[in-house]
Amino acid sequence: MFKKQWPAFVLAFVLPLLAVFWWWGGFNPVNVSETEAGPYRYAYLDYEGLISNMRKTQRKALDEFAAAKVEAGDTISVILTDPRADHGKVRAQLGYTLAEAAAVPPGLKEGRIARRPVYAATVQAAVLLAPSKAYQALADTLEEAGKPLVMPTVERYRPAGQANRIGTLTLEMNR
């Protein structure tokens, strides 16, 4: 019975899943390079908890920008601890980049990251998929060079500006 139905199964379930994965950038390549990054000025909220719950705090930071009528720049996440070391829990600073002359929205802290040499992994993919692709590519590249992936890392996500387009994530780790 299944032998006769496998084409329908592929058409109904497998192809749509592959199409969504493709649309979200799942097949897009990750570019890993040695470069310089920064400086960044950002406003953020401290976060401590499961890595899977970070988006709620990120959204709260965006709400603070909106309430203060301050333009939020790119999403920025400074991941301070390694989630692999504590069963998916992290300490992080979650917020948005801020123009040099802009006021820090009330309720948020100001952070600065100086220009520095980094390993950078860049991928154009959906915000939920991009970090795993970038971290894996960076870890693979570092492993080939005999180096470990170490925290802190900086994740910057730049939206495409259109609802039907995916943005670009850049993951940075100090060299």
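Okay, unusual backbone geometry next. A cis geometry characterises the amide bond from Gly38 onward to Pro39, with omega recorded as 0°. The omega torsion of the bond from Met151 to Pro152 falls at 5°, within 30 degrees of zero and hence cis. Inspection of the secondary structure puts Pro152 in the loop between helix H3 (130-144) and strand S7 (153-158). Phi is positive for Lys69, close to 55°, though the residue is something other than glycine. Residue position: Lys69 is located in the loop between helix H2 (54-67) and strand S3 (75-79). Here Lys69 falls in the exposed class, since its relative accessible area comes to 76%. Positive phi, close to 55°, is recorded for His87, a residue that is not glycine. Summarising the element assignment, His87 is placed in the loop between S3 and strand S4 (89-97).

Quick look at the sheet that holds S4 now. A sheet is described by the order of its strands in space; here eight strands give the open sequence S1-S6-S8-S7-S3-S4-S2-S5, paired in antiparallel fashion. Taken across any chain shown, the strands that pair with only one partner, and hence form the sheet edges, are strand S1 (31-37) and strand S5 (109-113). Between one strand axis and the next, the sheet turns by 30° as a mean value, whatever way the strands run. For S3 and S7, the ladder comprises five bridges, and the chain directions are antiparallel. Across the sheet, Val78 pairs through a bridge with Val154, a residue of S7. Set on the sheet, H2 makes contact with strand S2 (40-50), S3 and S4; between it and S4 the angle comes to about 25°. Set on the sheet, H3 makes contact with S1, S3, strand S6 (116-124), S7 and strand S8 (168-174); between it and S8 the angle comes to about 40°.

Turning to H3, a few remarks are in order. Taking 1.5 Å of rise per residue, 15 residues should cover 21 Å, and H3 covers 21 Å from first to last C-alpha, within 8% of that figure. Taken together, the buried positions of H3 are Ala130, Lys133, Ala134, Tyr135, Ala137, Leu138 and Leu142. Elements in contact with the buried residues of H3: S1, S3, S6, S7 and S8. Among the residues trailing H3, Gly146 stands out with phi positive, at a value near 75°.

The terminal C-alpha atoms of H2, which comprises 14 residues, lie 20 Å apart, in line with the 20 Å expected from a rise of 1.5 Å per residue. Met54, Thr57, Gln58, Ala61 and Phe65 are the residues of H2 that are buried. Seen along its axis, H2 keeps its buried residues to an arc of 105°; they face one direction. Turned more than 90 degrees away from the buried face of H2, the exposed residues are Arg55, Lys56, Ala66 and Ala67. A positive phi of about 55° marks Lys69, the residue just after H2.

Below, the discussion takes up the side chain of Thr153. With respect to the secondary-structure elements, Thr153 resides in strand S7. Its relative accessible area of 0% is what places Thr153 among the buried residues. A distance of 2.7 Å separates the side chain of Thr153 from the side chain of Tyr135, its partner in a polar contact. When sequence neighbours within four positions are dropped, the list of residues in contact with Thr153 reads Ser77, Val78, Ile79, Tyr135, Leu171, Glu172 and Met173.

With respect to the helices and strands, Leu62 occurs in helix H2. Note on Leu62: relative accessible area 26%, which makes it partly exposed. Once residues lying within four places of it in the same chain are set aside, the contact partners of Leu62 are Ala72 and Tyr96.

What counts, and at which threshold
Residues numbered from 1 in each chain as written. Predicted model: local features only at pLDDT ≥ 70, side-chain atom pairs only at ≥ 80, totals over all residues. Heavy atoms only, no water. Helix = DSSP H or I, 4+ residues; strand = E, 2+ residues; numbered from the N terminus. Buried < 20%, exposed > 50% of the residue type's maximum accessible area, 1.4 Å probe, protein only. Pairing = 2+ DSSP bridges. Axes fitted to C-alpha atoms, helices over the stretch in contact; angles between N-to-C directions. Contact = heavy atoms within 4.5 Å. Expected span 1.5 Å × (residues − 1). Arc of directions from axis to C-beta. Polar contact = N/O pair within 3.5 Å; in protein donor to acceptor, adjacent residues only side chain to side chain.

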